[in-house]
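Report on the structure
Given next are the chains, with one letter for each unit.
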Amino acid sequence: MHMTTKALVLRSVDYKESDRILTLLTPDMGKLTASARGSRKKGSALAAGTQLLCWSEMVLCERQGRWMVTESSTERQFEGVRKDLDKLALACYFAEVTELLAVEGLPSPELLSLTLNSLHALDRMRRPQELVKAAYELHALCLAGYEPLLDGCAVCGAAEPEDARFHLREGVLHCAKCRGELGSGISMPINTMALEAMRHIAYGNPKHLFTFPIDQTGLKQLGDLTEAYLHTQLERGFSTLDFYKQMRAASQSQPFASR
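As a starting point, this report considers the structure included with it.

What counts, and where the lines are drawn
Going along each chain's sequence as written, the residues are numbered from 1 onward. For this predicted model, a pLDDT threshold of at least 70 governs which residues receive local features, and a threshold of 80 or more governs which side-chain atom pairs are given and counted, while totals over whole chains, interfaces and linings are taken from all residues. Note that water and hydrogens are dropped before the side-chain values are worked out from all heavy atoms of the structure. Secondary structure elements follow DSSP: runs of H or I of four or more residues count as helices, runs of E of two or more count as strands, with numbering from the N terminus. Radius of gyration: C-alpha atoms only; globule rule: 2.2 Å multiplied by the number of residues to the exponent 0.38. Each residue's exposure class comes from its accessible area (1.4 Å probe, protein chains only) as a fraction of the maximum for that residue type: buried when under 20%, exposed when over 50%, partly exposed otherwise. Between two residues, a contact is recorded if the distance between any of their heavy atoms is within 4.5 Å. Here the expected length of a helix is defined as 1.5 Å per residue gap, with one fewer gap than residues. Salt bridges are counted wherever a side-chain nitrogen of Lys or Arg sits within 4 Å of a carboxyl oxygen of Asp or Glu. Throughout, an axis means a line fitted to C-alpha atoms (over the contacting stretch in the case of helices), and angles, computed between N-to-C directions, take values from 0 to 180 degrees. By definition in this entry, angles of less than 35 degrees are roughly parallel, angles greater than 145 are roughly antiparallel, angles of 65 to 115 are roughly perpendicular, and the rest are oblique. Put simply, a crossing is left-handed when the front helix is turned counterclockwise from the back one by less than a right angle, and right-handed when it is turned clockwise. Charged means Asp, Glu, Lys or Arg here, nonpolar means Ala, Val, Leu, Ile, Met, Phe, Trp, Tyr, Cys or Pro, and polar covers whatever is left, Gly included. When DSSP finds at least two bridges between two strands, those strands are taken to pair.

Right, let's get into the overall build of the chain. A tally of helices and strands in the chain yields seven helices and eight strands. Against the globule reference of 18 Å for 259 residues, the chain gives a C-alpha radius of gyration of 20 Å, in line with a compact fold. Each principal axis of the C-alpha distribution contributes one length, and for the chain these read about 65 × 45 × 30 Å. The buried share among the 259 residues of the chain stands at 48%. Excluding contacts between residues fewer than 6 apart, the proportion of contacts in the chain whose partners are at least 24 apart in sequence is 58%.

Moving on, we get to helix 6 (residues 216-234). For helix 6, spanning 19 residues, the distance from its first C-alpha to its last is 27 Å, which sits close to the expected 27 Å at 1.5 Å a residue. Once helix 6 ends, the next one or two residues include Glu 235, with phi positive near 55°.

Here we come to the pattern of salt bridges. In this structure the tally under the stated criterion is 17 salt bridges. A salt bridge links Asp 86 to Arg 248, with the shortest nitrogen-to-oxygen separation between them at 3.3 Å. Linking Asp 86 in helix 2 (residues 85-101) with Arg 248 in helix 7 (residues 239-252), this pair joins segments that are 162 residues apart in sequence. Judged by its relative accessible area of 3%, Asp 86 falls in the buried class. For Arg 248, a relative accessible area of 15% corresponds to the buried category. Lys 133 serves as the salt-bridge partner of Glu 227, at 2.8 Å between the closest nitrogen and oxygen. Separated by 94 residues along the polypeptide, Glu 227 in helix 6 and Lys 133 in helix 4 (residues 129-143) bring together distant segments of the chain. We note that Glu 227, like Lys 133, is buried. Salt bridges sharing common partners tie together Lys 133, Glu 137, Glu 227 and Lys 245.

Our focus in this paragraph is the packing of helix 4 against helix 7. Interhelical geometry of helix 4 versus helix 7 gives an angle of 165° and a closest axis separation of 13 Å. Taken together, the axes of helix 4 and helix 7 are roughly antiparallel relative to one another. Along this stretch, helix 4 crosses helix 7, giving a crossing that reads as left-handed. Along the contact surface, helix 4 presents Gln 129, Glu 130 and Lys 133, while helix 7 presents Leu 241, Tyr 244, Arg 248 and Gln 252. Classifying every residue of the contact of helix 4 with helix 7 gives two nonpolar, two polar and three charged.

This part covers the pairing of strand 1 (residues 2-15). Across seven bridges, strand 1 lies against strand 4 (residues 55-63) in antiparallel orientation. Each bridged residue has a counterpart across the sheet, and for Thr 4 the counterpart in strand 4 is Val 59. Counting the residues in the hairpin turn of strand 1 and strand 2 (residues 19-26) gives three residues, including Lys 16, whose phi is positive at 55°.

Its place among the elements puts Thr 5 in strand 1. For Thr 5, a relative accessible area of 5% gives the class buried. Leaving out residues up to four positions away in the same chain, Thr 5 has contacts with Thr 26, Pro 27, Asp 28, Ser 56, Glu 57, Met 58 and Leu 60.

Below, the discussion takes up the sheet that holds strand 6 (residues 165-167). In space, the three strands of this open sheet follow the order 7-6-8, with antiparallel pairing throughout. Two strands bound the open sheet, and with one partner strand each, they are strand 7 (172-174) and strand 8 (187-189). Averaged over all pairs of adjacent strands, the angle between strand axes in this sheet comes to 30°, irrespective of strand direction. Taken together, the three bridges between strand 6 and strand 7 define a ladder with antiparallel strand orientation. If you follow Arg 165 over to strand 7, its bridge partner there is His 174.

This part is about the sheet that holds strand 3 (residues 30-36). Read once around its circumference, the closed barrel built from five strands follows the order 1-2-3-5-4, with strand pairing classed as mixed. Each neighbouring strand pair of the sheet contributes to a mean axis angle of 50°, computed without reference to strand direction. Here strand 1 pairs with strand 2 via seven bridges, running antiparallel. Bridge pairing in strand 2 places Ser 12 opposite Leu 22. On top of the sheet, helix 2 reaches strand 1, strand 2 and strand 3; it is set at about 115° to strand 1, its chief contact. Docked against the sheet, helix 3 (residues 109-123) engages strand 1, strand 2, strand 4 and strand 5 (66-76), running at close to 65° with respect to strand 1.

Right under this line is the structure:
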């Protein structure tokens, strides 16, 4: 069986002397694993299109239940991401989360679109990395079925909760005085700008996902909230996120270094 499809390379693992084992996210078949024989050889026609984070058109061949890449044509390499170590580390985090959320053989067009748009935002849009990261994290959770309830206090119903908090385990907004009515777990404070940003990300038009106003204080709080919410709901950490934080801390400690 042969199939021509677009594919985003979420993971690339070296195999044998010159092969790669790829985890791909495709529009029609969702996540799948495919081998790319000889793709690490110098001059291989598969070399460019099978690199991590490449968006390519591929011809896949299925043999005995296993997919092989027989042709590959690169459509987008996100060069602006590859040339910046901070952006590259963050993009790898997006890929790791996407790989976890995607289901083998199940089309995930919205998740694919989110991941590609997030890579594009890092590559071409002049938006803070922290904003792109927060928008990706929260919207990815919404697509995976973890959409938070942000319309008002989940306990008393107040449209604008007093001294607002966000409960990470329950995924709901609440007034500080209503905390005792919710289950165990952590509730984090959320200011007006961070709340409006979360509502925009969760309920707004995905085409405008990265376009919302927020000051530095609100952005810091938003980033802390979305990261903590993702970790709480998925019940795990991510090595790529740890690496991104290390890279980000190192670059920010050298404000006059050439970027």
